[in-house]
Structure formats: structure tokens, C-alpha cells
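Here is what each chain is made of, one letter per residue.
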Amino acid sequence: MFHTRDIVTAIEIGTSKINVLVGEAGPDGRVNVVGCGSAPSAGSVVKGEIEDMDLAFEQLGNAIADAESASDGLLNSTKVVVVAVTGCRMEAFQGIGSVVVRNDEHKVTNKERIEAHENARVLHLATGREIINSSESYFTIDERRIRNPLNHTASKLEAYVHVVHADAARLENFRSIVRDSGFEEAAIEVAFSPLADDFGILSDEEREHGVLLVDLGAGTTEFVVEYNSGVQASGVLQIGFDHVCNDLSLGLDLHIDVCRKLIEEKTLQRAMQERREYMEFPSSTGRGRKIPLPSFEVIIDARLREIFEIIRSMAAAQGALGSLDAGGVLTGGGALFERTAPIFREVFDMSCRIGQPFEAGGALTGLDTPRCSTIWGALKIAGYYNELNAGQSGRGMVGSLIDVVDGVLNKTRMGWQNFKGALRG
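Below: a short report on this structure.

Definitions and cut-offs
- Residues numbered from 1 in each chain as written.
- Predicted model: local features only at pLDDT ≥ 70, side-chain atom pairs only at ≥ 80, totals over all residues.
- Heavy atoms only, no water.
- Helix = DSSP H or I, 4+ residues; strand = E, 2+ residues; numbered from the N terminus.
- Buried < 20%, exposed > 50% of the residue type's maximum accessible area, 1.4 Å probe, protein only.
- Contact = heavy atoms within 4.5 Å.
- Areas by Shrake-Rupley, 256 points an atom, 1.4 Å probe, with all protein chains shown as cover.
- Pairing = 2+ DSSP bridges.
- Axes fitted to C-alpha atoms, helices over the stretch in contact; angles between N-to-C directions.
- Polar contact = N/O pair within 3.5 Å; in protein donor to acceptor, adjacent residues only side chain to side chain.
- Core = buried A, V, L, I, M, F, W, Y, C linked by side-chain atoms within 4.5 Å.
- Patch = residues over 30% accessible without salt bridge, like charges linked within 9 Å, V, L, I, M, F, W, Y side chains within 5 Å.
- Salt bridge = Lys/Arg side-chain N within 4 Å of Asp/Glu carboxyl O.
- Lys, Arg positive; Asp, Glu negative; His and termini not counted.
- Charge placed at Lys NZ, Arg CZ, Asp CG, Glu CD.

### With respect to the overall build of the protein
Consideration 1: When helices and strands are tallied, the protein shows 14 helices and 19 strands.
Consideration 2: When burial is assessed residue by residue, the protein has 56% of its 425 residues classed as buried.
Consideration 3: Pairs at least 24 apart in sequence give 68% of the contacts found in the protein among residues at least 6 apart.
Consideration 4: Entry remark: accessible area of the protein is about 17900 Å², with carbon and sulfur atoms responsible for 47%.

This is the structure:
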């Protein structure tokens, strides 16, 4: 049972739905869920970008009202809000930061690690770009690759850091709409959506042995690759499962709402499982129209294959497909479709599982679905922000030295106590 009442909130403003999750953060960074709310995006968000600020504000307000009611008003005491973002012209680079070990014992300490990390982030970004997350991929000491450099004797330390940056103005759209929705007194942070998924659904063993996580949403598809508990690659593809519905609409001359309903209500999945020969639809002439089931399968398989092949190319370009012994993890609403996992296995020639939240404590149920991976991971990040920001105003040392995203990953690499010392030492 928690001994504090530190309330944190996660918000996901997605293409199809806006989700709000409220939790009570404990002293160890764990979060107990106390309320949730959701509302349809209603066309206010396109491909992960806010298109209609007024409508998005209205729908976010509806989701917040639901969450406030479900949490018995605890949402109003929120200290930290983490907003999961995608789109925003997200890009990433692998930075390399070096530092000479100058202390008397020539041993790597948290001081050198932090300095090397910060040096890796120093890259001239175009005007209007903002770094939102940075995660250590691995280190070298005297040109020897190593997982945890602390306490090693060396003359030079290099940190290889995966840095995610985005369009600052578009990010501010997300921050401002949340701030104006009643969170003026809370610290508002953003997290790259696939990294939020990472915290919500991956195991330490998967992060250690190498895993490709793919979140197939309605308007976008994101991925992240981890190996040795370090982020090796990430990216966003502006194609999601709604494009499958659009392909079906165009290819089979069906209204797109009909195609969406076939997917959302799992009517098409049941037909595939039952191995029907065709599906029947009414026509303008009043006569039934029969469409062979293989026609649906060909169109869907082609789009899914294209999505995964593009992700494979993006990950390969970042040199991140070499060590994936843990296989793949699929999440997001698109992961629930019958053909998604088989096509993934064919394209990547590896095993995969469907990922959904685990360790979701609290009386609230209904989080055990791939659709909730991002929002649950964002709430976990909010819990760690709350712990690390305790006694500090704003982002403090956490924001200026090492992003909390990297902190969660580094719990596995070097231990939580050492990491807290690195932030505050």
C-alpha cells in the first residue's frame, strides 16, 4: 500500500482515440492506477499530429472529465503529466560523446558518465528542433565496448547515445493543449510513444537479448530496437492500420466506414477464422454483393507487408538488426488483427509475441490489451519523473543531464541507486 498521495497522469492524443490514465506514484517509482478516461479523437488528430486544436481540446476535456470522475477527483492533484507523442516530424541520431578520465584513480564514475552522455547530445540541430528523449545505447572504454562503465579503470570513456528530436512548435501544440486543460500547476513532459511502449510491455530479458518492438496504430506505426538494455534504433512511419481500411475501401469499392467496422468489430477476422468463401454486402440495386474472402486477404497482406518491409529498411539503415535473439513484440490496435503477426514473422524471419501492459497495479481493470501499451508505459514514466523530481522545481537535474527515459532503462544496466546518484551527484 502506498504511503504518499503523489498523483501522476499520462495522456495519449492519438489518431483514433484520446486516452487519460491517472495513477498514484509510490516511493519506488511504481504506479497504482486510480482512474482512466477516453474519448474519440473525432478527426482532430491525423497521423499523430493535432490538426484541429479546438476539437482536440474539446475531446481531451471529455476524456479528462471521465478520468476525474473515475479517480474520485484525484486527477486534480496531479504533479506530473507525461504526454506520449508521435508524428511531430520525429527523427533520431546516434550521438557519440567522449570524456577523458582525469580523477586520481582513473576510474569511471557517474560524473564521467553524465559528461559523456551530455557531450553525445551536442549536435547542431536545425532551428526549431527539440531533443525530447536520449537513451544510452552502449559505452566504450579505451575503445573497448562495454555495457556498464562504472568503476572501470580507463583513460577515455565514450558514450553512444540514441537521441530523439522533433519539431518544437508541433510539440508545443501537445503541451499547450494539455496545460490549458487544467494542468497549469503540473510539470508537463513528453515521451516518444514507442519508448513509452517499451516501459509498459517489454521484459528485462527482451531488452537484454535484443528485441524489435513495433506499435501498429491507426495513423502511424512506430518501432524501437533494444539490445543490451540500450536503445539502438527507433522511428515513425506515417502509415497505420487505418490505411488498411482505406486500401480495402478503394480496392473493393466499399465505403471506408464499412471497412473500419469490419476491422473494429472483428467481423472480418471471424470470417477468416471460419474460412468462409466470401462476404456478402448490400448494394444500391438491392441485390446482395458477394466479395471473395481472398480479395480481402490479398489487400491486407500487401499493406502489412509494405509496413514491415519499410520498418526493416529503417532499422537496418541504423545498423540495428544484428542482435535480436528475443524476436519481435507487436502492440497497438493493429497487433490484434489475425494476419499481423504472421506477416511480421515472414518479413523479419523471427518469432514474435503480442505485447500488452503488465504489472498494471490497482483496482482498475481493462488495461490488458495492446491498445493500452502506450498510455500505461507513459504512466510508468510519470511515476519515475515524480520520484526523480522530488524536492526539485521543474525538470531540474533530470532534464538538464539525463532524460528519465534513459533512467528507466539504466535501472537494468547499473542499478537504481547508482542511477539516482548520477542524477543528483
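### A word on the sheet that holds strand β7 (residues 91-100)
Consideration 1: Across the sheet, 4 strands lie side by side as β7-β10-β8-β9; this open sheet has antiparallel pairing. In this open sheet, the two edge strands, each paired with only one partner strand, are β7 and β9 (144-146). Recorded for the sheet is a direction-independent mean angle of 40° between the axes of neighbouring strands.
Consideration 2: Two elements, β7 and strand β10 (residues 156-167), share 10 bridges in a ladder whose sense is antiparallel. When the sheet's bridge partners are listed, glutamate 91 is paired in β10 with histidine 165.
Consideration 3: Its contacts with the sheet put helix α3 (residues 168-179) on β8 (129-141) and β10, and the angle it makes with β10 is roughly 70°.

### Looking at the environment of aspartate 257
Consideration 1: The topology assignment puts aspartate 257 in helix α7 (residues 256-264).
Consideration 2: Residue classification places aspartate 257 among the partly exposed positions, given a relative accessible area of 45%.
Consideration 3: Taking the C-alpha atoms as reference points, aspartate 257 and asparagine 246, 11 residues apart in sequence, are found 9.2 Å from one another.
Consideration 4: Polar side-chain contacts of aspartate 257 include one of 3.4 Å to the side chain of arginine 260.

### Overview of the sheet that holds strand β17 (residues 328-331)
The strands that make up a sheet are held in pairs by hydrogen bonds between backbone atoms, and each pair lies either parallel or antiparallel.
Consideration 1: With mixed pairing, the 5 strands of this open sheet are ordered in space as β14-β13-β12-β17-β18. Across the chains shown, the open sheet's two edge strands, defined by having one partner strand only, are β14 (230-237) and β18 (352-354). The average undirected angle you get between the axes of adjacent strands in this sheet is 15°.
Consideration 2: Bridge count between strand β12 (residues 211-216) and strand β13 (residues 221-227): 6 bridges; the pairing is antiparallel. Among the inter-strand pairings, leucine 213 is bridged to a residue of β13, identified as valine 224.
Consideration 3: Along the sheet, helix α4 (residues 193-201) contacts β12, β13, β14, β17 and β18; its crossing angle with β13, the most-contacted strand, is approximately 55°.

### Brief notes about α4
Consideration 1: Among the 9 residues that make up α4, 9 are buried, leaving the element largely enclosed by the rest of the structure.
Consideration 2: Turning to α4, its buried residues are Ser193, Pro194, Leu195, Ala196, Asp197, Asp198, Phe199, Gly200 and Ile201.

### What about the nonpolar core?
Consideration 1: Of all hydrophobic cores here, the largest spans 45 residues; its most connected members are Leu248, Leu268, Phe296, Phe308 and Phe344.
Consideration 2: Looking at which element gives the most residues to this core, the answer is helix α9 (residues 293-317), with 9 residues.

### Description of a negative patch on the surface
Consideration 1: A cluster of acidic residues, Glu51, Asp52, Asp54 and Glu58, forms a negative patch on the protein surface.
Consideration 2: Tracing the sequence through the fold places glutamate 51 in the loop between β5 (49-50) and α1 (53-70).

So yeah, pure geometry; function would need other evidence.
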